[in-house]
Amino acid sequence: MGIITMDKIQIIGFQSYGTRVRFYARGRALEDENIDLEQKGIFNLLLNTWKRFETDEVKNTPIKINFGDNKVVHGTTDHEGYYLIKEDFENVYQFANEEGWVKFEISFTTTDLKREILNKNIFPGEMLIPKNSAKFGVISDIDDTILHTGVVSSLKWKVVINTIFRRAISRKALEGTADFYHQLHRGKTGTEANPVFYVSHSPWNLYRYLELFLKTNAFPKGPILLRSMSSFRLRKNVDDQPQKQKEITNILKTYPHLSFILIGDSGEKDADIYLEITKMFPNRVKAIYLRSVADRKRMKRVADLFTDFNDIPYLIVGKTAEAITHAKTHGFI
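Heads up: these notes are all about the structure in this document.

1. Notes on the packing of aromatic side chains
Then comes step 1: Overall, the coordinates contain 23 aromatic pairs when judged by the stated rule.
Then comes step 2: What links up through ring pairs into an aromatic cluster is the set Phe180, Tyr181, Tyr198, Phe213, Phe219 and Tyr289.
Then comes step 3: Here the guanidinium or amino end of Lys221 rests over the ring plane of Trp101, the centre of that ring lying 4.6 Å away.

So, in C-alpha cells, the structure goes:
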C-alpha cells in the first residue's frame, strides 16, 4: 500500500481595511494546491479551476498576527478555514506606509497540526488605512464593470468560460478603466490618495485570480471583498441584504467622515444596491457610475429606476471617457 502524502498548509491574507485605532484582518487557511495562475493549456486551466474550488481548509485552528513594534493579535479559523480578526489599538497608522498600507505577518500558533507548513510559518498580509488627505473613497464592482465576464449572457455561460479557460494575466480590463481609477485615486489635487475598494459577488476562491488581474492591469491597489461559497447555497430571507450591500454598508460605517463614489454595471443588481445605499446614508454618496451592458431589457429597467432620481450625480457609462469627463465636470479629478 503506497504512502499517502498530504499537501503543505498555508494562510492566505486577503487585503483588508481598518482605521487608525482599529486593526482588521481577514483571510483563509488552506492546503497549498500548487496553483500556478500563469500556466497555459486547457488541461492546466481546468485543473487549476478544480483546485480553486475543491479546497481543503484548515479548520478551527488558532493563528496570530504580528505587526509593527512586536504587536500581536490572536484569532481562530472557522469551520471553512476563514478568519476575521478585529482589535482596537491606540495608533495603528504609525505602522502604515505612504499610501496607508500596514503590512503584517500571519502564523499558525498551534503545535498540534502535525502537518508541514509552507514558508516557515510566515505569511504576508496587508490592511489599508485611508490617509487624512483623502477627499472621498471609491467602491467598485469587478464583473462587467472593469473586467468583462459576460454576466448577462444566457445561463451565464460566458462567466464560466472566461473564468475556467482564460488566465488572469491574459484578461484585459475594459478600456480606460485603470486610468480612470488612478485619476480618482489621486483626486483633483493629484495627491489625495483616495482609497479604492473592489467589491464583487464572486467567491473568495477567486481572490488570487482577481488580485492578479488587478495587478496585471495596473489598477490602484485596494481591498478586495468577495463572499464565501457557502453563501451561494444558503436560502435567504426576503429581507436579507445581498452580501455586496453588506460589505458596502460596513465600509461606509467604518469611515463616517468620507463620502463615496459608487461604480458598477447595469447588468445585475448594482443599481438597486447603490440606490438603497443612498437612502441608508444620506449625503454620503458623491456620484454613481453604471457601465451599460448589451441587454435592452436590463438597460430599460435601470433607466426606469433612475427616472425620478435627482439627488446626486449619476451616469450610465458607455465609454470610460464619458465617466472621466463627468468626473472632471464635478471636480472629482
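Having seen it, we continue.
2. What to know about the side chain of Gln15
Then comes step 1: Relative to the assigned elements, Gln15 resides in the loop between β1 (9-14) and β2 (16-17).
Then comes step 2: A residue is classified by how much of its surface remains accessible, and Gln15, at 10% relative accessible area, is buried.
Then comes step 3: Those residues in contact with Gln15 that lie beyond four places of it in its chain are Trp101, Glu126, Tyr207, Glu211, Lys221, Gly222, Pro223 and Ile224.

3. Concerning the sheet that holds strand β7 (residues 101-108)
Then comes step 1: With respect to topology, 5 strands assemble into an open sheet ordered β2-β8-β7-β4-β5, the strand pairing being mixed. Only two strands of the sheet have a single partner each, and these edge strands are β2 and β5 (71-76).
Then comes step 2: Inspection of the sheet shows strand β4 (residues 62-67) paired to β7 by 4 bridges, in the antiparallel sense. Along β7, the bridge assignment pairs Lys64 with Ser107.

4. Some remarks on the nonpolar core
The nonpolar side chains of a soluble globular protein tend to be buried with one another.
Then comes step 1: Ranked by internal contacts, the top residues of the largest apolar core, which has 35 residues, are Phe180, Leu184, Tyr198, Tyr289 and Phe332.
Then comes step 2: Here the element with the most residues in this core is helix α4 (residues 207-216); it accounts for 5 residues.

5. Describing unusual backbone geometry
Then comes step 1: A positive phi angle, close to 60°, is found at Asp69, a residue other than glycine.
Then comes step 2: Topologically, Asp69 is positioned in the loop between β4 and β5.
Then comes step 3: On the basis of relative accessibility, which here comes to 65%, the residue Asp69 falls in the exposed class.
Then comes step 4: Notably, Asn119 is not glycine yet its phi reads approximately 55°, a positive angle.
Then comes step 5: Along the chain, Asn119 turns up in the loop between β7 and β8 (123-128).

6. Considerations on the side chain of Thr61
Then comes step 1: Positionally, Thr61 belongs in the loop between α1 (42-53) and β4.
Then comes step 2: Polar contacts involving the side chain of Thr61 include one to the main-chain carbonyl oxygen of Lys59, which spans 2.7 Å.
Then comes step 3: For Thr61, the contacting residues outside a window of four places in its chain are Gly75, Thr76, Thr77, Phe108, Thr110 and Leu113.

Cut-off values and rules
- Residues numbered from 1 in each chain as written.
- Predicted model: local features only at pLDDT ≥ 70, side-chain atom pairs only at ≥ 80, totals over all residues.
- Heavy atoms only, no water.
- Phe/Tyr/Trp six-rings, centres within 6.5 Å; stacked < 30°, edge-to-face > 60°.
- Lys NZ or Arg CZ within 6 Å of the ring centre and 35° of its normal.
- Helix = DSSP H or I, 4+ residues; strand = E, 2+ residues; numbered from the N terminus.
- Buried < 20%, exposed > 50% of the residue type's maximum accessible area, 1.4 Å probe, protein only.
- Contact = heavy atoms within 4.5 Å.
- Pairing = 2+ DSSP bridges.
- Core = buried A, V, L, I, M, F, W, Y, C linked by side-chain atoms within 4.5 Å.
- Polar contact = N/O pair within 3.5 Å; in protein donor to acceptor, adjacent residues only side chain to side chain.

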